[in-house]
Amino acid sequence: MVSNAKMNMLGSPRQSLEAYFTDRGEASFRAHQIMKWIHHRGVYDFAEMSDLSKRLRQQLQTEAMIKVPEIVMEKVSADGTHKWLLRLEDGNCIETVYIPEDSRNTLCVSSQVGCALDCTFCSTARQGFNRNLTSAEIISQLWIARRRLQSGNSNARTISNVVLMGMGEPLLNYDAVVDASRIMMDDLGYGLGKRRVTLSTSGVLPAMDRLRDDLDVSLAVSLHAPNNQLRDKLVPLNRKYPIEELLLACRRFVEGKKHKQRITFEYVMLKDVNDSPSHARELVKLLRDVPSKINLIPFNPFPDTRFQRSEPETIQRFRDILIRAGFTTITRRTRGEDIDAACGQLAGKIQDRSRRAVRFARLEQNLTL
Ligand code: SAH
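Residues numbered from 1 in each chain as written. Predicted model: local features only at pLDDT ≥ 70, side-chain atom pairs only at ≥ 80, totals over all residues. Heavy atoms only, no water.

### Some points on the overall build of the protein chain
Looking only at helices and strands, the protein chain features 12 helices and 14 strands. The buried share among the 369 residues of the protein chain stands at 55%. By sequence separation, contacts in the protein chain at least 24 residues apart represent 67% of the contacts at least 6 residues apart. In the form shown here, the protein chain has an accessible surface area of approximately 16,700 Å², with 46% of it arising from carbon and sulfur atoms. (Helix = DSSP H or I, 4+ residues; strand = E, 2+ residues; numbered from the N terminus. Buried < 20%, exposed > 50% of the residue type's maximum accessible area, 1.4 Å probe, protein only. Contact = heavy atoms within 4.5 Å. Areas by Shrake-Rupley, 256 points an atom, 1.4 Å probe, with all protein chains shown as cover.)

Structure below.
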């Protein structure tokens, strides 16, 4: 078996692979050949890479590896949504979801094993946090989904969009997420345009500023409340990075971009918690100066949650207020609910989460909404 010290080339972006080869006196285009083998042709055995010399193939076999997680379970929803449970080398499991739509096919990718952020309405938070994913583990979700979708149906459309909206907070796993996103956007990888890769964050401010300089992706921000008092309770990270600062960071993120970009604000609709017309009006005021789109997400329940989904009419009324104020607003359609694949329902299987579970219990006790 391969040792952990070997470099997993699956997660190496073009630049690091080029450096790997030039350091060894090889031409940098070897990196391009390897990437095409891995990402375009789905090959994970160096021995099969016929345009590399035998010597180089042997060297790669001793120094490097291409390792993909194992599929433990694949579920297909009545609406065509797929969910995979993937087992990583250390036994932890993560989930990945594919959502086919008329105009696009989106893969929802996880960035961490569990999540450390404690958002009170999210099932991943209940699972606790174990560790960050490597860039190879992040990109392998795309590698696996693409292979599985092609194998089942030769007419299957390819994945056109990726959202980093699965398990975890991507901006708390910055380097690996940036490396994996570079591969997603590279023609030698998955060739996705910048509008087609969306990173969703609860608002890790310093990382948002870094991201702006490092990578041209679309940004979604989990807002969920129009004031600090409520957001402190729903998204505890708000106590560290309150709304005013978050919105300033959002403005910095889009300012000066060549192509006009808007931030997508996600707002989970929780019955009698954040869904009244006055909340909507507060939101209108709040977002007046930020180039924004708003995604309303009907709450997806999970076992033992205290929250309920807002009524459809309540969501409609909320949405109308935003639209009348001039905001592009959509209500996200719930997909894959029958296979627990909807937003906030991803649980995976996480080892060693006891410490976080205790913290969560304490937090929930203190919660008075
Ligand atoms: N940590 C990142 C990525 C998670 S993305 C973030 O917070 O943005 C998943 C999106 O689904 C986030 O907007 C999250 O707040 C939302 N979500 C979480 N639990 C949910 C639930 N039970 N129902 C609906 N949306 C939920």
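### Some remarks on the site of the ligand
Taken together, 21 residues sit near the ligand, with Ser-200, Ser-202, Ser-222, His-224 and Asn-300 positioned nearest. In this structure, an oxygen atom belonging to the ligand sits 3.4 Å away from a main-chain N or O atom of Thr-201. Within the side chain of Glu-266, an N or O atom sits 3.2 Å from an oxygen atom of the ligand. Along the lines of polarity and charge, the residues of the shell around the ligand split into 10 nonpolar, 9 polar and 2 charged. (Near = heavy atom within 4 Å. Polar contact = N/O pair within 3.5 Å; in protein donor to acceptor, adjacent residues only side chain to side chain. Nonpolar A, V, L, I, M, F, W, Y, C, P; charged D, E, K, R; others polar.)

### Description of the environment of Gln-58
Locating Gln-58 in the fold gives a position in helix α3 (residues 54-63). Assessed through its relative accessible area of 46%, Gln-58 is described here as partly exposed. The spacing of Gln-58 and Ala-47 is 11 residues in sequence and 7.7 Å in space, taken between C-alpha atoms.

### What to know about the pairing of strand β11 (residues 218-222)
Burial analysis of β11 places 5 of its 5 residues in the buried class, which makes it a mostly covered element. Residues Ser-218, Ala-220 and Ser-222 of β11 are buried on one face, and the alternating residues Leu-219 and Val-221, pointing to the opposite face, are buried as well. With 4 bridges joining them, strand β10 (residues 197-201) and β11 adopt parallel strand pairing. The residue bridging Thr-198 from the neighbouring strand is Ser-218, located in β11. Once the chain exits β10 it traverses helix α7 (residues 205-214) before rejoining the sheet at β11, and the crossover so formed is right-handed. (Pairing = 2+ DSSP bridges. Right-handed = clockwise from strand over helix to strand, strands pointing away.)

### Quick look at the sheet that holds strand β4 (residues 82-87)
The strand order across the open sheet formed by 10 strands is β3-β4-β5-β6-β9-β10-β11-β12-β13-β14, and the pairing between neighbours is mixed. Strands at the two margins of the open sheet, each flanked by one partner only, are β3 (70-76) and β14 (328-331). With direction set aside, neighbouring strand axes in the sheet form an average angle of 20°. As paired strands, strand β5 (residues 93-100) and strand β6 (residues 105-108) are joined by 4 bridges and run antiparallel to one another. Opposite Tyr-98, over in β6, you have Leu-107 as the bridge partner. Lying over the sheet, helix α9 (residues 243-254) contacts β11 and β12 (263-269), oriented at roughly 145° with respect to β12. (Axes fitted to C-alpha atoms, helices over the stretch in contact; angles between N-to-C directions.)

### Section: helix α11 (residues 312-324)
Relative to the 18 Å expected for 13 residues at 1.5 Å per residue, α11 spans 18 Å between its end C-alpha atoms, a close match to the ideal helical length. Among the residues of α11, those classed as buried are Thr-314, Ile-315, Phe-318, Ile-321 and Leu-322. On an axial view of α11, the arc spanned by its buried residues comes to 125°, and they lie on one face. Facing away from the buried side of α11, by more than 90 degrees, are the exposed residues Pro-312, Glu-313 and Arg-324. (Expected span 1.5 Å × (residues − 1). Arc of directions from axis to C-beta.)

### Remarks on the packing of helix α10 (residues 277-286) against α11
At a minimum axis separation of 9 Å, α10 and α11 run at an interaxial angle of 25°. By the criterion of interaxial angle, the relationship of α10 to α11 is roughly parallel. Viewed along their axes, α10 and α11 form a crossing whose handedness is right-handed. Contact with α10, carried on its side by Pro-277, His-279, Ala-280, Arg-281, Leu-283 and Val-284, involves Arg-317, Phe-318, Ile-321 and Leu-322 of α11 and no other residues of that element. (Parallel < 35°, antiparallel > 145°, perpendicular 65-115°, else oblique. Left-handed = near helix turned anticlockwise from the far one by under 90°.)

### Side note on unusual backbone geometry
Positive phi is not limited to glycine here, since Asp-118 has a value of about 65°. Position of Asp-118 relative to the elements: it lies in the loop between β7 (112-114) and α4 (123-127).

### Looking at the pattern of salt bridges
By the definition in use, this model includes 19 salt bridges. Taking the shortest distance from any N to any O, the salt bridge between Asp-186 and Arg-14 comes out at 2.8 Å. Remark: Arg-14 occurs in helix α1 (residues 14-23) and Asp-186 occurs in the loop between α6 (174-185) and β10; sequence separation between them is 172 residues. On the accessibility criterion, Arg-14 (29% relative accessible area) is partly exposed. One salt bridge in this structure joins Arg-212 and Asp-213, with 3.6 Å as the shortest N-O distance. By relative accessible area, which is 28% here, Arg-212 ends up partly exposed. Three or more residues joined by partner-sharing salt bridges are found here, namely Glu-26, Arg-30 and Arg-55. (Salt bridge = Lys/Arg side-chain N within 4 Å of Asp/Glu carboxyl O.)

### Here we look at the nonpolar core
In terms of nonpolar packing, the biggest core is built from 103 residues, with Met-9, Ile-34, Phe-121 and Leu-211 touching the most fellow members. Considering each element in turn, this core owes the most residues, 8 residues, to helix α5 (residues 135-152). Residue contributions to this core reach at least three from each of two domains, namely domain 1 (7-65) and domain 2 (70-366). When residues no more than four places from it in sequence are discounted, the contact partners of Met-9 are Leu-17, Tyr-20, Phe-21, Ile-34, Ile-38, Phe-46, Leu-60, Ala-64, Met-65 and Ile-66. If you look at the next biggest cluster of nonpolar residues, it comprises 6 residues, including Val-97, Ile-99, Ile-339 and Ala-341. (Core = buried A, V, L, I, M, F, W, Y, C linked by side-chain atoms within 4.5 Å. Domains from an automatic or database assignment.)

### A closer look at the side chain of Asn-105
With respect to the helices and strands, Asn-105 occurs in strand β6. A polar atom in the side chain of Asn-105 sits 3.2 Å from the backbone oxygen of Thr-158.

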